[in-house]
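What follows is each chain in one-letter form.
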Amino acid sequence: MDRSISWRLLPGFYRPGKSSFKSIQALFSEFLRDRHSPSLLQAHYDNDTSDSINYGWGDSAPLEKEITSQEDLDTLINTPFAFNQAICIVEPADHVGFNTIGEPVRASINVAWLAQRIADCDSIVFPLWKSGLMDRKKLAHVLTSSLAVVFEGGHPTVRDSKSFDNTNCSHADLLDLSEELILSRRLRSAPSIFICLGHQLAAQAHIRLIKKATHEILETIDDILINQPNSRNALKQVCNRIQALGTKLRIVKDDKIVATGWDHPEFAVGINEVPEAGHCEIIHYEKSSSHPDPELAELITTQAITAEEYDGVIEESISHEKDLNIVMFHTDEVNEEAILFANWAYRNLYQSLLPARNQLVISELSWLFNLPSSIEILCSTTAEGRLCTEVAATCINYRDYDTRQTRRSFTCQFHPELRDDLREFKKSGIPAFDNLKKDDGIRLLIRILHDSLME
C-alpha cells in the first residue's frame, strides 16, 4: 500500500495545510490563558462529530499516521512536512493498563486528540510493541526533528524484563531508545516528555548513562588529556567519587533498605509503597525524612541548588493554578535516591568537563557534552493525606555552554492525558472544550508542551 495516498502531506486537520509552529504555539498559549474562554478553532470544528469518535490509530484522519513497519518509516521520512510540525508519540506497549471497568487504555489516542482539538497540531504514533525499533538512525532522526516526542506509558514493568516478552520491542531496546532521546536534546531538537513507564525507563537510562560516562572517562582520559594534568586529575577524582557513591548508595522505603548500589536491578525503579491507580494530588517536592547514608545530605543540597536555578513548569502550576489533581496508573515508582544521585552526578560531570572542553569535543568522549547538566525533582503526589510517590515528575536540564541557554525535557509518573474516568476518548467521547480547559492534568500537559516548544 502506498501510504502517501492516504496520509495528509501538509499539517492541520481543522485547517488543512494551514497549521504551523506559530499557530500551534499561539493556540496552546490561548488555551492556558484562562479556564473559560472558547476555542479560537470553534468555527472550524465539525459540530456533528466534535464530541465523539469511533476510530483509532491508522483508521482515519487525523489519526492516520501509525508507523508499523520500516516501509511506513521510509515513507514518512520522504514527507518531512508530515513530521516536522507534528508530535511523535512512542508506544512501548499496546496499552497502559486496564481502567476500573476493565477496558485496556491506549492513552496515545488522548494525547493526539488533545493536541489536535486545542491547537490543530498533528500527531504520529510509533507502536514499537508492534513494529520493533526498525532502523534506529532513521527513527531517531524523525523523532528528534519533530515538534515534540511523547514517550507513553505501558503495562509491562521495568523491574522485570520478561514482562516485555510479548512485544516486539524488548526492555533493552526501549532503554537504548530512552538513552538516545536523553542525549538528543540539542539546539533546535524536539523536547521529550516521558510518561509513566517512559518516566521509569528514563530513570534507568540516567543511571546507565552516568555509569557509561564515568567508565569511559577513567578508561581513556589519560590518553586524551596528556598535556592537561589538572583537568585530567580533576575529572578522574569526580568519576571516582561518582562510582564510589553509586556502588554503595542505598534505596530506603518505609525504613527498609530495598536496594544497595547502582548495579541492583531496582536501584532506579522499585515497587511503590502505596500502589496508585486513580486520582492523586500533586504537591511540592520536599525531602524531610532521615536516611542511613550521610552522603544523601549533599545530594539533597545539590537538588535544592538545581531547584533554585530553574523555574519549574509543574512547580509554577502548583503555585499559580490551584491544587493540581491528576491520574496515576502504575504500581512502580522512580526511586528518590536514584534521581538525587543522578542530579548530583550530572552537575559534577558538567562542571568538570568544561575546563577541558576544547580537547574533549574532538575526542571519542565528545558525546559527554550531550548529557544533561542537571535533573530536578519537580513534585510528589499524595492520596488520602499520605505521601505516595516522591518523584512524581522531573525536569531534565541541558545547559548549553555556547549559548548560555537551557533547554528542557520532562518526565512524569502520572498520566496528564487521562481524565478521572481513565478512558480513551475513542470510547468516552472528546470532552467539551470548556471541560478541557478546566482539567488539571490536561492543562499541565499543554503547559509542558507550550513551554518546551519555546526553547
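Because the structure is a prediction, the values reported are computed rather than measured.

Colleague: I'd like a rundown of the pairing of strand β3 (residues 148-151), residues and numbers included.
Modeller: Side chains Ala148 and Val150 of β3 all project onto a buried face; the interleaved residues Val149 and Phe151 project onto the opposite face, where all are buried too. Two strands pair when backbone bridges link them, and strand β1 (residues 86-91) and β3 are joined in this way by four bridges, in the parallel orientation. The residue of β3 that forms the bridge with isoleucine 87 is alanine 148. When β3 meets strand β4 (residues 192-195), the two strands line up parallel, connected through three bridges. Bridge pairing in β4 places valine 149 opposite serine 192. In this view, the connection linking β3 to its parallel neighbour β4 by way of helix α8 (residues 171-183) has right-handed handedness.

Colleague: Which residues make up the pattern of salt bridges, and what are the values?
Modeller: For the structure on display, the rule yields 30 salt bridges. Taking the shortest distance from any N to any O, the salt bridge between lysine 437 and aspartate 34 comes out at 2.8 Å. Pair noted here: lysine 437 is in helix α16 (residues 433-438) and aspartate 34 is in the loop between α2 (21-33) and α3 (70-77), with a separation of 403 residues, a long-range link. For arginine 208, the salt bridge is made with glutamate 179, and the minimal N-O distance between the two is 2.7 Å. Of the two residues, arginine 208 is situated in helix α9 (residues 197-224) and glutamate 179 in helix α8; the sequence distance between them amounts to 29 residues.

Colleague: Go over the packing of aromatic side chains with me, naming the residues and quoting the values.
Modeller: Summed over all chains, the structure comprises eight aromatic pairs. Ring geometry for phenylalanine 267 versus phenylalanine 341: centroids 6.2 Å apart, planes at 85°, classification edge-to-face. Highlighted residues: phenylalanine 267 in the loop between β6 (256-260) and β7 (269-284) and phenylalanine 341 in helix α13 (residues 336-353), separated in sequence by 74 residues. Among the residues examined, phenylalanine 341 registers a relative accessible area of 0% and is labelled buried. A network of ring pairs unites the aromatic residues Phe13, Tyr14, Tyr45 and Trp113 as a single cluster. Over the ring of tyrosine 401 we find arginine 404; its NZ or CZ atom is 4.9 Å from the centre of that ring.

Reading the values: rules and limits
- Residues numbered from 1 in each chain as written.
- Predicted model: local features only at pLDDT ≥ 70, side-chain atom pairs only at ≥ 80, totals over all residues.
- Heavy atoms only, no water.
- Buried < 20%, exposed > 50% of the residue type's maximum accessible area, 1.4 Å probe, protein only.
- Helix = DSSP H or I, 4+ residues; strand = E, 2+ residues; numbered from the N terminus.
- Pairing = 2+ DSSP bridges.
- Right-handed = clockwise from strand over helix to strand, strands pointing away.
- Salt bridge = Lys/Arg side-chain N within 4 Å of Asp/Glu carboxyl O.
- Phe/Tyr/Trp six-rings, centres within 6.5 Å; stacked < 30°, edge-to-face > 60°.
- Lys NZ or Arg CZ within 6 Å of the ring centre and 35° of its normal.

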